[in-house]
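# Descriptive analysis of the structure
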Amino acid sequence: MQAVAVGWQVYGITRRALDLGLVGLAQFLPGILLFLVSGHASDRFERRKVLGACYAGYALCSGLLLWIAERGTQSVRPIYVVLVLLGVVRSFNGTASRSILPQLVPDEHFANAVAWNATTFQAATILGPSLGGILYAVANGPSVVYGVAVLVAVAALASIFRIKIRPQARRREPTTLKTVFAGLHFIWRQKLILGAISLDLFAVLLGGAVALLPVYAREILHTGPWGLGLLRTAPGVGAAVMAMALAHRPLRGRAGPALLWSVAGFGVCTIWFGVSTSLVLSLFSLIFLGAADMISVIIRATLVQLRTPDEMRGRVMAVDMVFIGTSNELGQFESGLTAQWFGTVPAVVLGGVGTLVVMGLWAWWFPELRRAGALGAMKSISEEASEAAESAH
């Protein structure tokens, strides 16, 4: 809801695609600057407490956006300041929320749990933009949207401490440069993980058409806030349907090729959306785009989580967030910048073509991706070492 309100509010003030890109950049920079700190915090402190602090931060940021909207300011600078604060909160929230997941369910059910988790997340992704666009249009402004966002963040804060986790023994490592950078070293050594998350980084970076949806809604598809809400919802619909399908029928075949082909599908759908001038066709292209993206999300999340020891998950998830989570915001900036240079439609089409090129290069550069087997057979590095030691003994 808040993403729709911010995008429509900013574009309504400036009418420049570049400013939509700056919305992404404002949230991207904190993730880059703080990922080592946020990852170390998730491994050193209780993850539920970290998440509680983050939800309080979300409530504060939404409250500040509400205050700015009520003042009726016609400057986007205060909004960007709040978005930077929001990026700080997201940096810590992303690592803690993702690294806590394996403490909730047994390893043998983890891949299925990721699919169900993605299903509930996409349900919110579907309802949020639609409701946000409707409330924005009915209230003729973003204040109601920001007010609801405050209430939802407070509800999340109250809910997080009701979660029961499976305690797992973790080594208490001293805070040194070596331990802080341990996540980077781990990913660099594990080429399968490096290939998976860097593939998503460049695919999302180049295929960030979602950032330009306000431009498409106003200038190309000639619709209003309700239409923008539908466009923002469409990828979530496709993702939710695919997540439910994979929850009921998990992937049984080789995960690596499925990941590569899903990224290729993402690129094709991006091109389809870029050239469409029909609202209906644009919605269908975004639905299929979301479905293709969900396949890669589930494969990558399961692969990275299961291959990483628990004591390293926070730091590895922090690097993963830089590669993946913040790449969404950097992709928004890239899309806004290329749209400013070349025009909206060429920017989206070029992004889709670039995604296909990246998929081909990664299939060549990372043969580990092509050879990756079924998700159900994945084991962590520490488990493989233990089995090897037992065999040697």
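## Looking at the overall build of the protein
A count of helical and extended segments in the protein gives 17 helices and 0 strands. For the protein, the residues scored as buried account for 53% of the 393 residues in total. Once local pairs closer than 6 in sequence are excluded, the contacts in the protein between residues at least 24 apart make up 88%. Summing over all exposed atoms, the protein offers an accessible surface of approximately 17500 Å²; the carbon and sulfur share of this is 68%.

## Structural notes on the pattern of salt bridges
This model, assessed by the stated rule, comprises 6 salt bridges. When the shortest N-O distance is used, the salt bridge between E46 and R48 registers 3.0 Å. With relative accessibility at 31%, the residue E46 sits in the partly exposed group. In this structure, K49 engages E46 in a salt bridge whose closest nitrogen and oxygen atoms are separated by 4.0 Å. Through salt bridges with shared partners, a single network forms among D43, R47 and R315.

## Some points on the packing of aromatic side chains
Scanning the model with the defined rule gives 7 aromatic pairs in all. A centroid spacing of 6.2 Å and a plane angle of 35 degrees characterise the contact between Y55 and Y58, whose relative ring orientation is tilted. Taken together, the residues Y55 and Y58, both in helix 3 (residues 47-71) and 3 residues apart, mark about one turn of the helix. For the ring pair W362 and F366, a centre distance of 6.0 Å and an interplane angle of 35 degrees mean the geometry is tilted. Each of the two residues, W362 as well as F366, counts as buried. Every member of this aromatic cluster is reached through a ring pair, and the members are F202, W362, W365 and F366. When the ring centre of W188 is taken as reference, the NZ or CZ atom of K191 above it lies at 4.2 Å. The side chain of R218 reaches across the aromatic face of W8, ending 4.3 Å from its centre.

## Section: the packing of helix 1 (residues 2-14) against helix 4 (residues 77-99)
When two helices pack together, their arrangement is given by the angle between the helix axes and by the axis-to-axis distance. Where helix 1 contacts helix 4, the two axes come as close as 12 Å, and the packing angle between them is 150 degrees. What the angle tells us is that helix 1 and helix 4 run roughly antiparallel. Once helix 1 is placed against helix 4, the crossing between them reads as left-handed. Residue-level inspection shows Q2, V6, Q9, V10 and I13 of helix 1 in contact with helix 4, the latter providing I79, Y80, L83 and L86. Across the contact of helix 1 with helix 4, the residue classes tally to 7 nonpolar, 2 polar and no charged.

## Section: the packing of helix 12 (residues 255-275) against helix 13 (residues 279-307)
It is the contact of helix 12 with helix 13, at a shortest axis distance of 8 Å, that shows an interaxial angle of 160 degrees. Looking at the two axes, helix 12 sits roughly antiparallel to helix 13. Like other packed secondary-structure pairs, helix 12 and helix 13 cross with a definite hand, here left-handed. When helix 12 is examined against helix 13, the residues A255, A258, L259, S262, V263, G265, F266, C269, T270, W272 and F273 are found in contact with a partner set consisting of L281, S282, F284, S285, L286, F288, L289, A292, D293, I295, S296 and I299. Residues of the contact of helix 12 with helix 13, tallied by class, amount to 16 nonpolar, 6 polar and 1 charged.

## Quick word on helix 15 (residues 344-365)
Taking 1.5 Å as the rise per residue, helix 15 with 22 residues should run 32 Å; its terminal C-alpha atoms sit 31 Å apart, in good agreement. Burial in helix 15 covers these residues: T344, A347, V348, G351, G352, G354, T355, V358, M359, W362 and A363.

## Re empty space enclosed by the protein
Per the counting criterion, the structure on display carries 3 cavities of 30 Å³ or more. If you add up the space inside the second largest cavity, you get close to 50 Å³. Taken together, D200, A203, V204, V263, F266, D293 and S296 make up the full set of residues lining the second largest cavity. Looking at the lining of the second largest cavity, the elements that each hand over two or more residues are helix 9 (191-206), helix 12 and helix 13. Of all the elements, helix 9 adds the most residues to the lining of the second largest cavity, at 3 residues. Of the residues contributing to the lining of the second largest cavity, the split by class is 4 nonpolar, 1 polar and 2 charged.

## Things to note about the environment of A234
Turning to its location among the elements, A234 is positioned in helix 11 (residues 225-248). Given the relative accessible area of 4%, A234 is considered buried. Counting along the chain gives 51 residues from A234 to S285, while the straight-line C-alpha distance between them is 8.5 Å. With residues up to four places along the chain from it excluded, the contact list for A234 reads L283, L286 and I287.

## Focus on the nonpolar core
Soluble globular proteins: nonpolar side chains tend toward being buried together. Core analysis: the biggest nonpolar cluster contains 50 residues, and V6 and L83 have the highest contact counts within it. Examining the composition of this core, we find that 9 residues originate from one element, helix 3, more than from any other. Look past the residues within four positions of V6 in its chain and what remains in contact with it is V23, L65, I79, L83 and Y146. Residues F110, V263, A264 and M312 belong to the second largest nonpolar core, which totals 48 residues.

Cut-offs applied
- Residues numbered from 1 in each chain as written.
- Predicted model: local features only at pLDDT ≥ 70, side-chain atom pairs only at ≥ 80, totals over all residues.
- Heavy atoms only, no water.
- Helix = DSSP H or I, 4+ residues; strand = E, 2+ residues; numbered from the N terminus.
- Buried < 20%, exposed > 50% of the residue type's maximum accessible area, 1.4 Å probe, protein only.
- Contact = heavy atoms within 4.5 Å.
- Areas by Shrake-Rupley, 256 points an atom, 1.4 Å probe, with all protein chains shown as cover.
- Salt bridge = Lys/Arg side-chain N within 4 Å of Asp/Glu carboxyl O.
- Phe/Tyr/Trp six-rings, centres within 6.5 Å; stacked < 30°, edge-to-face > 60°.
- Lys NZ or Arg CZ within 6 Å of the ring centre and 35° of its normal.
- Axes fitted to C-alpha atoms, helices over the stretch in contact; angles between N-to-C directions.
- Parallel < 35°, antiparallel > 145°, perpendicular 65-115°, else oblique.
- Left-handed = near helix turned anticlockwise from the far one by under 90°.
- Nonpolar A, V, L, I, M, F, W, Y, C, P; charged D, E, K, R; others polar.
- Expected span 1.5 Å × (residues − 1).
- 1 Å grid on protein atoms, 1.4 Å probe; cavity = no way out; pocket = protein on both sides within 12 Å on 5 of 7 lines; lining within 4 Å.
- Points joined across faces, edges and corners; volume = space filled by probe spheres on them.
- Core = buried A, V, L, I, M, F, W, Y, C linked by side-chain atoms within 4.5 Å.

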